[in-house]
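Given next are the chains, with one letter for each unit.
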Amino acid sequence: MAKTQITMKVNGAEVEGLVEPRTLLVHFIRENLQMTGTHIGCETTHCGACTVDIDGMSVKSCTMFAVQADGSDVTTIEGMANPDGSLSALQEGFRMMHGLQCGFCTPGMIMRAQRLLKENPSPTEAEIRMGISGNICRCTGYQNIVKAIQYAAAKINGVEFREAAE
Amino acid sequence: MIPGPFSYHRPATVADAVKLLSTLGDEARPLAGGHSLVPMMKLRLATPEHLVDLHGVAGLKGIRRDGGKVVIGAMTTQHELLASDEIAKSIPILQETALLIADPQVRYRGTIGGNIANGDPGNDMPALMMTLGATYRLEGPQGGREVAAADFYQGAYFTAIEPGELVTAISIAVPPAGHGHAYEKLKRKVGDYATAAAAVILTMSGGKVATCTVGLTNLSETPLLADAAAKAVIGTSLDPATLKKAAAAAEAIMVPAADARGPVEYRKHVGGIMVMRALQRAAAKAA
């Protein structure tokens, strides 16, 4: 099958590649760009491990073809740290609140959570839970992931983070 | 999982998309949000030789008010429906329903056109479109035509779409001010299709139901209008006996499949409960 030349911006850098139309975006990111932070979990659009940000949308990159992202602005987990290399508020939140155990779902969780916080900077617990309902975690029971996102929201908003009583 | 090979086309106009679909024939599929088609292609349950991606087609997106109607471009995503002030104001049941479809990531990509045109009995929008009396705009090699949602669904994955035709827009008459509405969906988890779901639009007058429409999702090979159930509640104040009568009338037309969501008897039973809950909640919202 004829290959197509595509270009896109990934984490601020222009990248290009030659892909078959059937190449999924997640495979392009992991194999062509060698950025393996974006994970492949279920491959059936359920688990959210492959979530990346494309033109302001959270997208499951296993359910989009790389050719469809031609000309787009893509952010992956590799682009989430602060410019000086320190952890962003969300990354710090996941560390401080123990928002991960095995870590497999974490890149997708963080990519989804950053878009959620951009759209809704002060979400309620229920809004956070609905907001990450397309991301599956099999370790944490979500409790500490919710706390990690609350921690990040507080830090971004410049207010003190207080854990809710359990 | 990697789909089989295909050729990728990205037309810029509806005319070009229609031309591609009609000349490429049966082996071509339009690609909207792709969140039904791409997973099917990865499982090799769908093996189209050509994909006609509609993302580059101008004029297929957007929500506009046209007198007493709201016209929604087929490529409008569920996320855009949820963000629309016009929809919030004039057809809020669309947002209630969109929020019960899949998950946030899928709603950024999934389109209303794909949801209504795929013909999957599990999709939520078709029954709602029938309940709202929506019409679909189709463009094809012979020109354009309008098809009522109620005439569109013929069987599981079979619709009134002729070869080469494309759904381009959905037109919905705005329900009267003060109408009550509810979409009740029972599902096993976030992202699942309905075990059973019911849509209700009604108006109340002096504490009694004046008009009512009831639609059913995933309780047959096609979405259903439960006319007898709707008729049973007209002129009543939705007392318990009337609600039971409406549920029984709705259950009488349900022919769900027995699958992982439950046996036929269970799905009909919960279908009746969805009808009762939707009627009650819609009435409580009506002015």
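Since we're looking at a predicted model, the values are computed, not measured. (Residues numbered from 1 in each chain as written. Chains lettered and ligands numbered in written order. Predicted model: local features only at pLDDT ≥ 70, side-chain atom pairs only at ≥ 80, totals over all residues.)

1. Examining the overall build of chain A
Next, step 1: What chain A contains, in helices and strands, is five helices and five strands.
Next, step 2: Secondary structure elements in chain A, listed N-terminal to C-terminal, are β-β-α-β-β-β-α-α-α-α.
Next, step 3: In terms of C-alpha radius of gyration, chain A reaches 16 Å, essentially the compact-globule figure of 15 Å for 166 residues.
Next, step 4: For chain A, with 166 residues in total, the buried portion stands at 49%. (Helix = DSSP H or I, 4+ residues; strand = E, 2+ residues; numbered from the N terminus. Rg over C-alpha atoms; globule rule 2.2 N^0.38 Å. Buried ≥ 20, exposed ≤ 12 C-beta atoms within 10 Å, placed from the backbone.)

2. A look at the overall build of chain B
Next, step 1: Summing up its helical and strand segments, chain B has eleven helices and 14 strands in all.
Next, step 2: Split into buried and exposed, the 287 residues of chain B put 51% on the buried side.
Next, step 3: In chain B, the share of contacts with a sequence separation of at least 24, taken over all contacts with a separation of at least 6, comes to 63%. (Contact = placed C-beta atoms within 7 Å.)

3. Side note on the nonpolar core
Note that soluble globular proteins tend to have their nonpolar side chains buried in a common cluster.
Next, step 1: Formed by 86 residues in total, the largest nonpolar core has its most connected members in Ile170, Val200, Ala246, Ala250, Val275, Ala278 and Leu279 of chain B.
Next, step 2: Not counting residues within four places of it along the chain, the set of residues in contact with Ala246 of chain B comprises Ala229, Ala232, Val233, Val275, Met276 and Leu279 of chain B.
Next, step 3: Within the second largest apolar cluster, 48 residues are counted, among which are Leu24, Phe28, Cys47 and Ala152 of chain A. (Core = buried A, V, L, I, M, F, W, Y, C linked by C-beta atoms within 7 Å.)

4. A look at unusual backbone geometry
Next, step 1: In this structure, Asn11 of chain A is a non-glycine residue whose phi angle is positive, near 50°.
Next, step 2: Summarising the element assignment, Asn11 of chain A is placed in the loop between strand S1 (4-10) and strand S2 (13-19).
Next, step 3: With a phi close to 65°, Tyr157 of chain B is a non-glycine residue in the positive phi region.

5. Here we look at helix H11 (residues 264-285) of chain B
Structural remark: α-helix, 3.6 residues per turn; residues separated by three or four positions point the same way.
Residues and elements named next belong to chain B.
Next, step 1: Compared with the 32 Å implied by 1.5 Å per residue over 22 residues, the 31 Å span of H11 between its first and last C-alpha is a close match.
Next, step 2: Of all the positions in H11, only Arg267, Lys268, Val270, Gly271, Gly272, Met274, Val275, Met276, Ala278, Leu279, Ala282 and Ala283 are classed as buried.
Next, step 3: Against strand S11 (180-186), strand S12 (196-205), strand S13 (208-217), helix H9 (227-233) and helix H10 (240-251) lie the buried residues of H11. (Expected span 1.5 Å × (residues − 1).)

6. Digging into the domain arrangement of chain B
Residue and element names in this part refer to chain B.
Next, step 1: What the domain assignment lists for chain B is domain 1 (7-56), domain 2 (63-173) and domain 3 (180-285).
Next, step 2: Computed from C-alpha atoms alone, the centre-to-centre distance between domain 1 and domain 2 is 18 Å.
Next, step 3: Taken together, the twelve residues of domain 1 in the interface contact 18 residues of domain 2.
Next, step 4: For the side of domain 1 that touches domain 2, the element with the highest residue contribution is helix H1 (residues 14-24), accounting for five residues.
Next, step 5: Grouping the amino acids of the side of domain 1 that touches domain 2 by side-chain chemistry returns seven nonpolar, five polar and no charged. (Domains from an automatic or database assignment. Nonpolar A, V, L, I, M, F, W, Y, C, P; charged D, E, K, R; others polar.)

7. Here's the deal with the environment of His50 of chain B
Residue and element names in this part refer to chain B.
Next, step 1: Topologically, His50 is positioned in strand S3 (residues 50-53).
Next, step 2: Note: C-alpha distance between His50 and Ser7 (43 residues apart in sequence) is 4.7 Å.
Next, step 3: When near neighbours in sequence (up to four residues on either side) are disregarded, His50 contacts Phe6, Ser7, His9, Leu24, Glu27 and Ala28.

8. Describing the interface of chain A and chain B
Next, step 1: Taken residue by residue, the interface counts 23 residues in chain A and 23 residues in chain B.
Next, step 2: The greatest single-element share of the side of chain A that touches chain B, amounting to four residues, is contributed by strand S4 (residues 57-60) of chain A.
Next, step 3: Considered class by class, the residues forming the side of chain A that touches chain B number six nonpolar, twelve polar and five charged.

9. Some points on the packing of helix H3 (residues 106-119) of chain A against helix H5 (residues 143-157) of chain A
The angle between the axes and the distance between the axes are what describe a pair of packed helices.
Residue and element names in this part refer to chain A.
Next, step 1: Here H3 crosses H5 at 45°, and the two axes come no closer than 11 Å. Taken together, the axes of H3 and H5 lie oblique to each other. As H3 runs across H5, the sense of the crossing is right-handed. Of H5, the residues touching H3 (which contributes Met109, Ala113 and Leu117) are Ile145, Ile149, Ala152, Ala153 and Ile156.
Next, step 2: Residue classes in the contact of H3 with H5 are distributed as eight nonpolar, no polar and no charged. (Axes fitted to C-alpha atoms, helices over the stretch in contact; angles between N-to-C directions. Parallel < 35°, antiparallel > 145°, perpendicular 65-115°, else oblique. Left-handed = near helix turned anticlockwise from the far one by under 90°.)

10. With respect to the sheet that holds strand S7 (residues 143-148) of chain B
Residue and element names in this part refer to chain B.
Next, step 1: Strand order in this open sheet of five strands is S4-S5-S10-S6-S7, and the pairing throughout is antiparallel. Each edge of the sheet is formed by a strand with only one pairing partner; in this case those strands are strand S4 (63-66) and S7. Shown here is a sheet whose adjacent strand axes are inclined to one another by a mean of 25°, direction ignored.
Next, step 2: Contacts between H1 and the sheet are confined to strand S6 (135-140) and strand S10 (166-173), with S10 contributing the most and set at about 125° to the helix. (Pairing = 2+ DSSP bridges.)

11. Side note on the confidence of the model for chain B
Next, step 1: When pLDDT is averaged along chain B, the result is 97; 100% of the residues meet or exceed 70.
Next, step 2: The ipTM assigned to the predicted complex is 0.95, against a pTM of 0.96. (pLDDT = per-residue confidence, 0-100.)

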